[in-house]
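# Structure assessment
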Amino acid sequence: MTRTNLHALAARPGRFEHHLTVVARAGVAQLEIATASEPLYFAHVNVSDEFALALPSGDDVIDRFPTRTFLADAASLADVGRYNHRVGDLVLHPLGLLHWPGRLRPPYAPFAIPPGMRRYGVSLVFCGSAPTPAAERPTPAFSEGRGPDAKPYVAPAPPMVLRDVMHDGPGVVARVGDASLVLAVDPGVVTPARGAYVVVLDADASSGHHACDLIHVPPGASFDASGVARALVLTSGDRDVEPPPPSWDALPAAPFVPFEDAPRGSLPVLRDGLSVSVSEADGANVAVTVGSVTAVVPRYWLARMLFRVALHRPLLGYVETYGGFFFDDRAPLHRFGVRGGGAIELPPPESLAFVEALYRAVAPDGYSERLADRDAPIA
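This report concerns the structure included in the present document. These figures come from a predicted structure and were not determined experimentally.

### A short note on the pairing of strand E13 (residues 171–176)
Here E13 runs beside strand E14 (residues 179–185); their pairing, made up of five bridges, is antiparallel. From the neighbouring strand, Val 176 faces E14, where its bridge partner is Ala 179. The antiparallel pairing of E13 with E14 creates a hairpin that spans two residues between the two strands, and Gly 177 there sits at a positive phi of about 60 degrees.

In structure tokens:
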């Protein structure tokens, strides 16, 4: 058996915000972690059901902070439901719907966080690594008394799940493909036939286990969970869990160097032979034109999204930021466009080069990917 800690992985120097780093795999399913100090800057249609859990961070301010996630129809962008949730709540982002945690209102200004005051939350995500139909969702869908925190806006209601894993009783809380995420309470010994990954949620201080420990249990082995009060156990029904991925030992390499480490690009950006352009709108925004439709898009959030598009290759799904600019990599050709205005299509190698060119051109003055190192907020 081998062990790491999700806090330690998320806190490593050089990690990027909202980089969903894979830390465990079981068949088509995987566990990812991400750290963030600001709202997510795009709506997302994932390639499978996706279950997200804000983990306890040890920072009382972060752990008491309420969160709101919207679900929206992907075609119309109309909201179909919302979650009010907090640390310890596992929520479903259903396949086929846009989900957008922490959505901002116009004018979409970045948070003005004084130097040295930036705080980070940590999230665990359970999802597919390839297009995967929705499996049977767990029942009950909501923890006792939490139904009002998962509010549908339409009838019939969209599929929604909100489970408080810090207080619920044991049982399956999520499924992706043939893999299950099981909430274990005082498990004693974990002996999975095909191996497992155990995420410790709460443990006795004298047990040697700590909150957010991640333990790989090989097939046929047993894990002595004495002193573990609560844990999530990832198992697969028809195949062995994979050994720990390289992310346990080293951060994944960035697809290209961050903005602050290479020359800036210039506006406008044109794609030869394609009806797309990016031109100046004002200091905080750019105008993105596809065909006859132009969208005004905040530069900061567009740059943030573009770097994540590159980080999350080979498959992120569909993402759309404020103003309607979108990227979609669910087909062999990647699509760039604006809502209501169509799209251009590029093969993956050209797509990545185009992402980098846009990123370097649209990022605002003072922009940095390494927020922990930034001396002052962007105006």
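### Brief notes about the packing of helix H3 (residues 299–311) against helix H4 (residues 348–362)
Where H3 meets H4, the axes come as close as 9 Å, and the angle between the chain directions of the two elements is 155 degrees. Taken together, H3 and H4 sit at an angle that is classed as roughly antiparallel. The chirality of how H3 crosses H4 is left-handed. The segment H3 lies against H4, with Arg 299, Leu 302, Ala 303, Leu 306, Phe 307, Val 309 and Ala 310 engaging Leu 352, Val 355, Leu 358, Tyr 359, Ala 361 and Val 362.

### Focus: the pattern of salt bridges
Side chains that differ in charge, positive against negative, can pair when their charged atoms come close. Considering all chains together, one arrives at 23 salt bridges under this definition. Here Arg 239 and Asp 238 are joined by a salt bridge, their closest N and O atoms 3.5 Å apart. Taking relative accessible area as the criterion, Asp 238 reaches 44% and is therefore assigned partly exposed. The residue Asp 261 makes a salt bridge to Arg 370 at a minimum N-O spacing of 2.7 Å. Taken together, the positions of Asp 261 in the loop between strand E19 (228–236) and strand E20 (269–270) and Arg 370 in the segment after H4 put the pair 109 residues apart, joining distant regions of the chain.

### Considerations on the layout of surface pockets
Each pocket or cavity is described by its volume, and for the largest pocket that value is around 1200 Å³. What lines the largest pocket is a set of 46 residues, among which His 18, Ala 36, Glu 38, Pro 39 and Thr 67 lie closest to the centre. Mapped onto the lining of the largest pocket, the elements with two or more residues apiece are strand E3 (29–36), strand E5 (50–55), helix H2 (60–63), strand E6 (67–73), strand E7 (79–85), strand E8 (89–93), strand E9 (97–101) and strand E10 (121–128). Per-element accounting of the lining of the largest pocket gives the leading share, five residues, to E5. Of the residues contributing to the lining of the largest pocket, the split by class is 24 nonpolar, 14 polar and eight charged. Within this model, the second largest pocket holds a volume of roughly 520 Å³. Leu 20, Val 22, His 312, Arg 313 and Pro 314 are the residues nearest the centre of the second largest pocket, which is lined by 28 residues in total. Elements with a contribution of two residues or more to the lining of the second largest pocket: strand E2 (21–26), E3, E10 and H3. No other element matches the three residues that E2 contributes to the lining of the second largest pocket. Tallied by class, residues from the lining of the second largest pocket come to 15 nonpolar, nine polar and four charged.

Analysis parameters
- Residues numbered from 1 in each chain as written.
- Predicted model: local features only at pLDDT ≥ 70, side-chain atom pairs only at ≥ 80, totals over all residues.
- Heavy atoms only, no water.
- Pairing = 2+ DSSP bridges.
- Helix = DSSP H or I, 4+ residues; strand = E, 2+ residues; numbered from the N terminus.
- Axes fitted to C-alpha atoms, helices over the stretch in contact; angles between N-to-C directions.
- Parallel < 35°, antiparallel > 145°, perpendicular 65-115°, else oblique.
- Left-handed = near helix turned anticlockwise from the far one by under 90°.
- Contact = heavy atoms within 4.5 Å.
- Salt bridge = Lys/Arg side-chain N within 4 Å of Asp/Glu carboxyl O.
- Buried < 20%, exposed > 50% of the residue type's maximum accessible area, 1.4 Å probe, protein only.
- 1 Å grid on protein atoms, 1.4 Å probe; cavity = no way out; pocket = protein on both sides within 12 Å on 5 of 7 lines; lining within 4 Å.
- Points joined across faces, edges and corners; volume = space filled by probe spheres on them.
- Nonpolar A, V, L, I, M, F, W, Y, C, P; charged D, E, K, R; others polar.

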